[in-house]
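# Structural description and commentary
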Amino acid sequence: MQKKPDPCSFIIFGATGDLTHRLVVPALYNLAAGNLLPDKFCVVGIVRKGMSSEQLSDSLMQGLRKFATRPVDEAVAKRLFECVTSVEADPRDPASFDAMNERLDKLEKARGTGGNRLFYLATPPSAFLPISEQLGRTGMLEENGAWRRLIIEKPFGTDLASARALNSALLKLMDEHQIYRIDHYLGKETVQNILVLRFANGMFEPIWNRNHIDHIQITVDEKLGVGHRGSFYDATGALRDMVPNHLFQLLSLVTMEPPARFDAHAVRSEKAEVLSAIQIQSEQEALSNSVRGQYRTGRIGDTEIEDYLKTPDVRPDSSTETYAALKLTIDNWRWAGVPFYLRTGKALTTKRTEIAIKFKQAPFAMFRDTAVDRLSQNYLVISTEPTEGIELQFNTKVRARRSTSTASR
Ligand SMILES: NC(=O)c1ccc[n+]([C@@H]2O[C@H](COP(=O)([O-])OP(=O)(O)OC[C@H]3O[C@@H](n4cnc5c(N)ncnc54)[C@H](OP(=O)(O)O)[C@@H]3O)[C@@H](O)[C@H]2O)c1
């Protein structure tokens with residue numbers, strides 16, 4: 001049986017935003033429906049301008065109805081939203097954080113959550129540090145008998161230097177064990193299943209290496225264009241938006257060594273190890289091993305796609321990529337010489353997330369000059385979109401045609 005988590009307050013910065021409505025609240029609902037939330041629990045939504053708890057609750061409920069990943073049980077939803085409280089705070093106004101701390105103290109006493117606080121930053125990245133600094137200044141990150149945690153959704157910095165700067169600034173305010181840098185992709189069932197597929201089945205691990213695998217393709221294609229997220233997307237692009245987070249998560253799960261234990265620290269260390277073995281390419285190599293593209297006016301099925309450059313809040317001369325593809329190699333004994341092809345983009349013909357592992361050709365063409373002369377190579381395809389599943393493609397003999405007279409008997 002799963003252990004019930006400790007009592008706690010779940011405090012969301014950016015409670016009015018898309019991430020909260022689209023992903024965080026449906027995830028909280030799923031926990032509530034699975035009876036996996038603590039008995040003593042409350043959700044606190046931090047808002048920057050006046051919004052009553054009732055208004056916030058209604059808005060989150062609407063989000064749940066729109067984005068729930070399972071049928072909504074009204075009784076469970078009502079119980080969850082009853083505990084929603086809205087609190088006003090803005091990192092530009094330090095006094096609002098002092099008031100928020102007092103408010104949280106009172107709520108905690110009323111709800112019996114024992115001072116454990118989980119701060120979830122569902123805000124633009126520019127607010128991560130100002131919010132964390134205010135939390136630090138007011139002592140809200142100190143763990144005196146109660147735990148304090150901070151969750152940051154991707155993106156974590158825009159390049160190595162800014163990620164390192166954010167990391168070191170956060171580590172001045174709290175300990176490493178308090179920080180969760182998360183990617184909601186990891187919650188997907190098939191993504192979690194990659195480790196089970198690899199390490200709970202004896203048949204795959206012996207062939208999971210350079211001796212048997214020809215190459216691996218990781219594809220995350222989206223049908224939707226940029227839509228109303230022009231200003232965010234134009235400053236980010238397909239590479240930063242998708243590759244160092246979602247695609248690298250998939251890459252690390254497929255390529256990591258088996259961890260000694262299935263615990264967070266051991267899994268994380270093995271993932272970090274394999275990521276650190278990715279060969280660093282020179283600028284010239286990176287240019288010849290990558291492709292960037294930008295979508296133009298067109299049509300996907302019945303849907304008209306407008307030129308990326310005409311998207312609201314996109315610069316008319318923007319060179320931001322909406323498609324990125326790259327080839328990587330991993331310098332270790334398991335993967336040396338195996339190419340990894342990563343690609344992702346928007347406004348493409350299908351919505352598809354898959355990892356396709358192509359195995360090497362059978363070593364000897366025994367069926368030369370027969371109907372099965374040209375054998376295709378085996379593929380193992382792990383898909384999360386549009387449907388979740390695992391498929392193994394292999395060759396079989398084509399059934400022999402029977403004569404009509406025989407067939408009709
Ligand atoms: N949406 C997704 O599916 C998704 C997926 C993965 C990651 N993310 C990441 O999640 C973060 C939020 O994205 P989003 O799509 O939810 O954006 P959004 O819809 O624009 O919402 C942003 C939220 O942050 C608040 N906010 C804005 N500036 C702030 C500041 N300086 N201080 C405190 N709060 C501030 C906004 O509050 P006001 O109402 O007061 O403006 C709003 O509630 C981004 O880092 C994004 O990259 C989003």
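Residues numbered from 1 in each chain as written. Predicted model: local features only at pLDDT ≥ 70, side-chain atom pairs only at ≥ 80, totals over all residues.

### Let's talk about the overall build of the protein chain
Broken down by element type, the protein chain carries 12 helices and 15 strands. The principal-axis extents of the C-alpha atoms in the protein chain amount to approximately 85 × 55 × 50 Å. Counting contacts in the protein chain only where the partners sit at least 6 residues apart, residues at least 24 apart contribute 75% of the total. (Helix = DSSP H or I, 4+ residues; strand = E, 2+ residues; numbered from the N terminus. Contact = placed C-beta atoms within 7 Å.)

### Observations concerning the site of the ligand
Near the ligand there are 20 residues, and of these Gly14, Gly17, Asp18, Leu19 and Arg48 occur at the shortest range. Element by element, the count of residues in the shell around the ligand is highest for helix 1 (residues 18-33), at four residues. Split by residue class, the shell around the ligand holds 10 nonpolar, four polar and six charged. (Near = placed C-beta within 6 Å. Nonpolar A, V, L, I, M, F, W, Y, C, P; charged D, E, K, R; others polar.)

### A short note on the domain arrangement of the protein chain
Parsing the protein chain into structural domains produces domain 1 (8-182) and domain 2 (187-393). A separation of 31 Å is found between the C-alpha centroids of domain 1 and domain 2. (Domains from an automatic or database assignment.)

### A look at the sheet that holds strand 3 (residues 84-88)
Taken together, six strands build an open sheet; the order of strands is 3-2-1-4-5-6 and the sheet is parallel. If you trace the sheet from one side to the other, it starts and ends with strand 3 and strand 6 (179-182), each paired once. The mean inter-strand angle of the sheet, taken between neighbouring strand axes irrespective of direction, is 20 degrees. As defined by bridge partners, strand 1 (residues 8-13) adjoins strand 2 (residues 41-47) across six bridges and the pair is classed as parallel. (Pairing = 2+ DSSP bridges. Axes fitted to C-alpha atoms, helices over the stretch in contact; angles between N-to-C directions.)

### Focus on the confidence of the model for the protein chain
Chain-level pLDDT for the protein chain is 91 on average; 97% of the residues reach the 70-or-more range. For the stretch residues 405-409, pLDDT sits under 50, and the model shows one contact to residues farther than four places along the chain or on other chains. (pLDDT = per-residue confidence, 0-100.)

### Notes on the packing of helix 5 (residues 128-137) against helix 6 (residues 160-173)
Two elements in contact, helix 5 and helix 6, have axes whose closest approach is 9 Å; the angle formed by their N-to-C orientations is 15 degrees. In terms of orientation, helix 5 lies roughly parallel with respect to helix 6. As for the relative orientation of helix 5 and helix 6, their crossing is left-handed in sense. Here helix 5 contributes Phe128, Leu129, Ser132, Glu133 and Gly136 to the contact with helix 6, which in turn contributes Leu166, Ala169, Leu170 and Leu173. Looking at the contact of helix 5 with helix 6, its residues break down into six nonpolar, two polar and one charged. (Parallel < 35°, antiparallel > 145°, perpendicular 65-115°, else oblique. Left-handed = near helix turned anticlockwise from the far one by under 90°.)

### Here's the deal with the sheet that holds strand 7 (residues 213-221)
Across the sheet, which stays open at both edges, the seven strands sit in the order 8-11-12-7-13-14-15 with mixed pairing between neighbours. Only two strands of the sheet have a single neighbouring strand rather than two, namely strand 8 (290-293) and strand 15 (389-393). Taking each pair of neighbouring strands and ignoring which way they run, the sheet shows an average axis angle of 10 degrees. The sheet contact formed by strand 11 (residues 323-328) and strand 12 (residues 340-345) spans six bridges and is antiparallel. Counted as the bridge partner of Lys327 is Tyr341 from strand 12.

### Thoughts on the pairing of strand 6
By the bridge criterion, four bridges tie strand 5 (residues 148-153) to strand 6 in an arrangement that is parallel. Within strand 6, the residue paired with Ile151 across the bridge is Tyr180. The parallel pair strand 5 and strand 6 is bridged by helix 6, and the resulting crossover is right-handed. (Right-handed = clockwise from strand over helix to strand, strands pointing away.)

### Brief notes about the pairing of strand 12
Of all the six residues making up strand 12, five are buried; the element is thus mostly covered by neighbouring parts of the structure. Summarising the sheet, strand 7 and strand 12 pair through six bridges and their orientation is parallel. Bridging from a neighbouring strand, Val220 pairs with Thr344 of strand 12. (Buried ≥ 20, exposed ≤ 12 C-beta atoms within 10 Å, placed from the backbone.)

### Some words on helix 2 (residues 53-67)
Given a rise of 1.5 Å per residue, 15 residues ought to cover 21 Å, and the 21 Å separating the end C-alpha atoms of helix 2 matches this to within 8%. Every buried residue of helix 2 is accounted for by Leu56, Ser57, Leu60, Met61 and Gly63. For helix 2, the angular spread of the buried residues around the axis is 160 degrees, confining them to a single face. With respect to the buried face of helix 2, the exposed residues turned more than 90 degrees away are Glu54, Gln62, Arg65 and Lys66. Buried residues belonging to helix 2 abut helix 1, strand 2, helix 3 (74-82) and strand 3. (Expected span 1.5 Å × (residues − 1). Arc of directions from axis to C-beta.)

### Points about unusual backbone geometry
Residues Lys154 and Pro155 are joined by a peptide bond in cis, for which omega reads 5 degrees. Relative to the helices and strands, Pro155 is located in the loop between strand 5 and helix 6. In this structure, the amide linkage connecting Glu385 to the following residue, Pro386, adopts the cis form with an omega of 0 degrees. Phi is positive for Asn35, which is not a glycine, with a value near 60 degrees.

### Digging into the nonpolar core
In terms of nonpolar packing, the biggest core is built from 42 residues, with Ile12, Phe13, Val43, Ile46, Tyr120 and Leu121 touching the most fellow members. Broken down by element, this core gets its largest block of residues, six residues, from strand 2. Once residues within four sequence positions are removed from consideration, Phe13 is found in contact with Ile46, Phe119, Tyr120, Leu121, Ala122, Thr123 and Ile131. Formed by 28 residues, the second largest nonpolar core is a distinct cluster that contains Val243, Ala324, Ile330 and Phe340. (Core = buried A, V, L, I, M, F, W, Y, C linked by C-beta atoms within 7 Å.)

### Let's talk about helix 5
All of the buried residues in helix 5 are Phe128, Ile131, Ser132, Gln134 and Leu135. Summarising the axial view, the buried residues of helix 5 lie within an arc of 160 degrees, below the 170-degree limit, and thus occupy one face. The elements touched by buried residues of helix 5 are strand 1, helix 4 (94-111), strand 4 (117-121), strand 5 and helix 6.

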